[in-house]
Amino acid sequence: MKNHFMSLALLTAVLCGSAQADDAAIKSSLKGLGVQHVEILPAPVAGLKTVLTENGVLYTTDDGRYMVQGPLYDVSGKQPVNVTNRLLLDKLNKLEPEMIVYKAAHQKHVITVFTDITCGYCHKLHEQMKEYNDLGITVRYLAFPRQGLDSVTEKQMQAIWCVADRNKAFDDAMRGEQVSPASCNTDIARHFELGVQFGVSGTPAIVLENGSMVPGYQPPKEMAAMLDAQKSAQN
């Protein structure tokens with residue numbers, strides 16, 4: 001029995017060392033491409049690793065020699081499933097304390113919107129917030145300044161996310177009112193990075209509860225109908 005446990009411990013150590021060696025090879029390959037800050041996770045495909053970077057999601061072989069960028073789909077079921085976005089859902093929900101939330105009184109669905117205060121269709125979506133909420137749709141906002149980090153819009157949105165009443169500050173900004181400077185520990189660069197990993201290229205970009213993304217504005221009734229149909233299909 002003692003030898004059995006020693007064998008298990010040895011096997012665990014070998015596997016752990018192998019994983020660390022693989023990760024080191026991957027990081028070395030990415031460093032050569034100028035990619036410094038990465039998070040390496042398992043992938044659902046044997047021989048591959050998932051790599052989260054500031055510029056998106058990569059899938060790479062264990063030795064770091066071959067890699068592809070973009071979403072991975074599971075097509076074994078009736079509908080294709082974006083495996084990459086499912087993985088990113090955990091990161092998304094961990095940011096919930098930083099979200100600006102407009103909660104439906106009788107919640108049926110939750111959508112997360114990457115938004116920009118200078119985006120016309122983002123304004124249109126926000127103007128119809130009561131209609132979304134009345135249809136049972138809770139809307140959660142994350143910041144995605146389209147002009148990038150260190151832009152004027154990014155600084156304005158950072159300020160909005162740093163005041164005590166974020167909802168009021170966001171409402172005021174969407175009405176075109178001046179954004180007062182503010183600073184705090186909340187860093188909307190994390191929102192932006194996650195948006196890039198989800199593949200956001202424009203706003204509003206809407207992430208559904210199953211991780212799928214709707215690129216662009218959807219009117220309240222159309223959004224509710226789509227969410228109802230999706231939930232019915234899943235059930």
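As the structure is a computational prediction, the values presented were derived from the model and not from experiment. (Residues numbered from 1 in each chain as written. Predicted model: local features only at pLDDT ≥ 70, side-chain atom pairs only at ≥ 80, totals over all residues. Heavy atoms only, no water.)

## Comments concerning the state of the cysteines
Point 1. Per the stated rule, a full pass over the model turns up one disulfide.
Point 2. For C162, the disulfide goes to C184, at an S-S distance of 2.0 Å. Its S-S torsion of about -70° marks the bond between C162 and C184 as left-handed, since a negative value means left-handed. On the criterion of sequence distance, the pair formed by C162 in the loop between α5 (152–160) and α6 (166–174) and C184 in the loop between α6 and α7 (189–198) is long-range, its members being 22 residues apart.
Point 3. The class of C162 is buried, set by a relative accessible area of 15%. (Disulfide = S-S within 2.5 Å. Helix = DSSP H or I, 4+ residues; strand = E, 2+ residues; numbered from the N terminus. Buried < 20%, exposed > 50% of the residue type's maximum accessible area, 1.4 Å probe, protein only.)

## So, helix α8 (residues 220–234)
Point 1. Taking 1.5 Å per residue as the helical rise, α8 with its 15 residues ought to reach 21 Å, and the 21 Å between its terminal C-alpha atoms agrees with that figure.
Point 2. Within α8, the full set of buried residues consists of P220, M223, A224 and L227. Viewed along the axis of α8, the buried residues span an arc of 95°, placing them on a single side of the element. Exposed side chains of α8 directed beyond 90 degrees from the buried face belong to K221, S232 and A233.
Point 3. Where the residues of α8 are buried, they touch β8 (109–115), α4 (129–134), β9 (137–143) and β10 (205–207). (Expected span 1.5 Å × (residues − 1). Arc of directions from axis to C-beta. Contact = heavy atoms within 4.5 Å.)

## Structural notes on the nonpolar core
Point 1. Counting residues in each nonpolar core, the largest one holds 31 residues, and the members touching the most others are I111, Y141, I160, W161 and F170.
Point 2. When residues of this core are traced back to their parent elements, those giving at least two are β7 (100–102), β8, α3 (120–127), α4, β9, α5, α6 and α8. (Core = buried A, V, L, I, M, F, W, Y, C linked by side-chain atoms within 4.5 Å.)

## With respect to the sheet that holds strand β11 (residues 213–215)
Point 1. The strand order across the open sheet built from five strands is β7-β9-β8-β10-β11, with neighbouring strands paired in mixed fashion. Lying at the two open borders of the sheet, with one neighbouring strand each, are β7 and β11. Within the sheet, the average angular offset between the axes of one strand and its neighbour, ignoring direction, is 20°.
Point 2. Pairing between β10 and β11: three bridges, direction antiparallel. Paired with I206 across the bridge in β11 is V214. (Pairing = 2+ DSSP bridges. Axes fitted to C-alpha atoms, helices over the stretch in contact; angles between N-to-C directions.)

## Let's talk about the domain arrangement of the protein
Point 1. Taken domain by domain, the protein comprises domain 1 (17–82) and domain 2 (94–234).
Point 2. With centres defined by C-alpha atoms, the gap from domain 1 to domain 2 works out at 28 Å. (Domains from an automatic or database assignment.)

## With respect to the packing of aromatic side chains
Point 1. Under the definition given, this model contains seven aromatic pairs.
Point 2. Here the aromatic rings of F114 and F144 are separated by 6.2 Å at their centres, their planes lie at 80°, and the arrangement is edge-to-face. Separated by 30 residues along the polypeptide, F114 in strand β8 and F144 in the loop between β9 and α5 bring together distant segments of the chain. With respect to burial, F114 and F144 carry one shared label: buried.
Point 3. Measuring from ring centre to ring centre gives 4.6 Å for Y141 and F170, while their planes differ by 40°; the resulting arrangement is tilted. (Phe/Tyr/Trp six-rings, centres within 6.5 Å; stacked < 30°, edge-to-face > 60°.)

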